[in-house]
Each structure stands twice: as C-alpha cells, then as structure tokens.
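Breakdown of the fold
The lines below spell out each chain.
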Amino acid sequence: MTPEHDHPAPRVSPLSRESVAEAALRLLNETGLEKLTLRAIATELNVKAPALYWHFKNKQELIDEMATEMFRRMTAAPPSPAPDAGGPAWREMLLANNRGLRRALLAYRDGARVFSGSRFTGTEHAEHSESQLRTLVEAGFDLPQAVRALVTTFSYTLGFVTEEQGVHPVQGERREGYDVAERSERLADYPLAASAGTHIFEDYDAHFDEGLQLILDGVAARYGAR
C-alpha cells in the first residue's frame, strides 16, 4: 500500500483567463468590487496569487475579463418577451437589450461598476453591436444616429443601475441612510424634495422603464424615426 505521505496531490484544473474571471464573479457578491483581491481569487482557485499574473497584469485587466464574461452570459440567455411588444423593430430591440442589460448588471454586487469603463476582450461584443446597428440602419437611421441611440440608451442603463446598486447592492439588501420615511422627515422644510423620495428610491423597475421610454421617444422625435 502506498504510504499516506506518498499520495499524489489533488489535480488542479489549469487556469485560464475565463476560469479566473468566473471565480472572480463568484466572489463578487460576497466581497464587492473594492474588496475583490487577486489573493482572494487565488484562494478560491486553490493556487498561489502569482499564478494569476500569467493571465492578468493588474486588477483592471481582470475587471475587463469579468465584464466580458458577464456580457457573454447576458447574450447567451434567450431574450424575455417584451410585455409591450408591437412597436417599431428598432424600438423593441433597444427596449429588450437594455432591460436585459439591467438584469445582467443586477445579478452581481457592483455589476454596473464592473461594466463601467471596461474594455471587452474578444469580438463577441462586435457581433452583438453589428446586429443592433443593422436593425437601426434598416429602420432608416444613418450610422451616426444609430450609434448615438445605442450609446445613449446604454449609458442611461449603466448610470441607472449604478445609482440603483448604491441603494440596493444586491436584491433584498438596502444600504443604511435610504429609508424614505426618515428622509421625508429630515427634509420636511423642502416638501417637494421630501416627496420626491418615493419616486427616486422605490419602484426601480417602473422608473427604469419610464426613463428608457422617455429616451426612445426623444430618439424618435429627433431623428424622425417611425
């Protein structure tokens, strides 16, 4: 019988950029972005931290890959049927994509911060952008208009979720200091600002959709889209 101390060490799966990013995303909901360290990810993967530097020079490169993996998962999921489908194809496409983006960002603590300013790796995002731009161009937008419509709705969604996650870091968790009733009492001398609290810090689903519809109404009016 082989002595216990001669037993081979358990096999460790080889590291890749994707496997490191997947481990980082698993930890993200526990730690948040600020406390997500290469050391913690290495522990999750049962390796030494220097092994990660073969794949990522710094934390920003890792965040770029995390954002890319989030994007892959988002675009791999079949789109949910739109409750208000029936409008022009370009509008339904922008509604569906930005609703899907918001769901994807909300699935992770600091999901919007991971996405914000990140540089996607690979070319999957280009395929997705090509499809969206083609839908807009075929609807009568010229390319600069199509780009502006895409970028504006994307930026709105990213900014909205950044603010939303400042109040609700993850589903079911609410940061201190955002109690609407307490806020209303504190701002009693400013009745409009006090009453605005329920329209800012509650019912995020409805507020997101209304804001997105406002932007799309503006796109249609400015560019004469039908």
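Here is what the cut-offs are and how they apply
- Residues numbered from 1 in each chain as written.
- Predicted model: local features only at pLDDT ≥ 70, side-chain atom pairs only at ≥ 80, totals over all residues.
- Heavy atoms only, no water.
- Helix = DSSP H or I, 4+ residues; strand = E, 2+ residues; numbered from the N terminus.
- Rg over C-alpha atoms; globule rule 2.2 N^0.38 Å.
- Buried < 20%, exposed > 50% of the residue type's maximum accessible area, 1.4 Å probe, protein only.
- Contact = heavy atoms within 4.5 Å.
- Areas by Shrake-Rupley, 256 points an atom, 1.4 Å probe, with all protein chains shown as cover.
- Lys, Arg positive; Asp, Glu negative; His and termini not counted.
- Charge placed at Lys NZ, Arg CZ, Asp CG, Glu CD.
- Core = buried A, V, L, I, M, F, W, Y, C linked by side-chain atoms within 4.5 Å.
- UniProt positions renumbered as here; feature names shortened; annotations may be inferred.
- Phe/Tyr/Trp six-rings, centres within 6.5 Å; stacked < 30°, edge-to-face > 60°.
- Patch = residues over 30% accessible without salt bridge, like charges linked within 9 Å, V, L, I, M, F, W, Y side chains within 5 Å.
- Salt bridge = Lys/Arg side-chain N within 4 Å of Asp/Glu carboxyl O.
- Expected span 1.5 Å × (residues − 1).
- pLDDT = per-residue confidence, 0-100.

The name given to the chain in an unreviewed UniProt entry is TetR family transcriptional regulator, with the source organism recorded as Streptomyces bambusae.

Scanning the chain from terminus to terminus reveals eleven helices and zero strands. Secondary structure elements of the chain, listed N to C terminal, follow the sequence α-α-α-α-α-α-α-α-α-α-α. Taken over C-alpha atoms, the radius of gyration comes to 22 Å for the chain, far larger than the 17 Å a tight globule of 226 residues would show. Considering only C-alpha atoms, the chain reaches an extent of 80 × 50 × 30 Å along its principal axes. Buried residues in the chain amount to 38% of all 226 residues. Contacts spanning at least 24 positions in sequence make up 70% of the contacts within the chain whose residues lie at least 6 apart. As presented, the chain carries roughly 13,800 Å² of accessible surface, and 54% of it is formed by carbon and sulfur atoms. In the chain, 25 side chains carry a positive charge and 33 a negative one; their mean positions are 5 Å apart.

Turning next to the nonpolar core. Counting 32 residues, the largest nonpolar core has L28, I41, L62, M66, L105, V114 and F115 as its most contacted members. Counting only elements with at least two residues in this core, the list comes to α1 (17-31), α2 (38-45), α3 (59-76), α4 (89-106), α5 (111-115) and α7 (143-167).

Another aspect to go through is the UniProt feature "domain: HTH tetR-type" (unreviewed entry) in the chain. Under the UniProt annotation, the feature "domain: HTH tetR-type" (unreviewed entry) is placed at residues 14-74. Summarising residues 14-74: 64% helix, 0% strand, and an end-to-end C-alpha distance of 25 Å.

Attention now moves to the packing of aromatic side chains. All chains considered together, the criterion is met by nine aromatic pairs. Plain terms: the ring middles of F141 and Y223 are 6.0 Å apart, the flat faces sit at 85° to each other, and that makes the pair edge-to-face. Within this pair, whereas F141 is found in the loop between α6 (124-138) and α7, its partner Y223 is found in helix α11 (residues 204-223), the two being separated by 82 residues in sequence. Measuring from ring centre to ring centre gives 5.8 Å for Y156 and F160, while their planes differ by 50°; the resulting arrangement is tilted. Pair noted here: Y156 and F160 are both in helix α7, with a separation of four residues, about one helical turn. A network of ring pairs unites the aromatic residues Y156, F160, Y204 and F208 as a single cluster.

A contiguous patch of negative charge, built from D179, E185, E202 and D203, is present on the exposed surface. Position of E185 relative to the elements: it lies in helix α8 (residues 180-186).

Bringing α1 into the picture now. Helical geometry: 3.6 residues make up each α-helical turn, so side chains three or four residues apart lie on a common side. Between its terminal C-alpha atoms α1 stretches 20 Å, which fits the 21 Å expected from 15 residues at 1.5 Å a residue. Of all the positions in α1, only V20, A21, A23, A24, L25, L27 and L28 are classed as buried. Contacts made by the buried residues of α1 are with α2, α3 and α5. Just beyond α1, the residue with positive phi is G32, at close to 80°.

The next subject is the confidence of the model for the chain. As a general rule, the predicted coordinates of low-pLDDT regions are not to be interpreted in detail. Looking at the chain, pLDDT values average 88 and 90% of them are 70 or higher. The low-confidence segment residues 7-12 (pLDDT under 50) makes four contacts with residues lying over four places distant or belonging to another chain.

Turning to the pattern of salt bridges, a few remarks are in order. The full count for this structure, using the stated rule, is 15 salt bridges. In the salt-bridge network here, residues are joined through shared partners; they are R17, E65, E69, R72, R73 and E124.

A few words now on a nonpolar patch on the surface. Taken together, the side chains of V137, L143, V147 and V151 present a nonpolar region at the surface, about 280 Å² in accessible area. It is α7 that provides the largest number of residues to the nonpolar patch, a total of three residues. Relative to the assigned elements, V137 resides in helix α6.

Our next topic: unusual backbone geometry. Its identity as a non-glycine residue notwithstanding, N46 has a phi of 60°, on the positive side. Inspection of the secondary structure assignment puts N46 in the loop between α2 and α3. Residue N46 is classed as exposed on the basis of its relative accessible area, which comes to 57%. Phi at D203 takes a positive value of approximately 55°, unusual for a residue other than glycine. As for its position among the elements, D203 is in the loop between α10 (197-201) and α11. D203 sits in the exposed class, given a relative accessible area of 52%.

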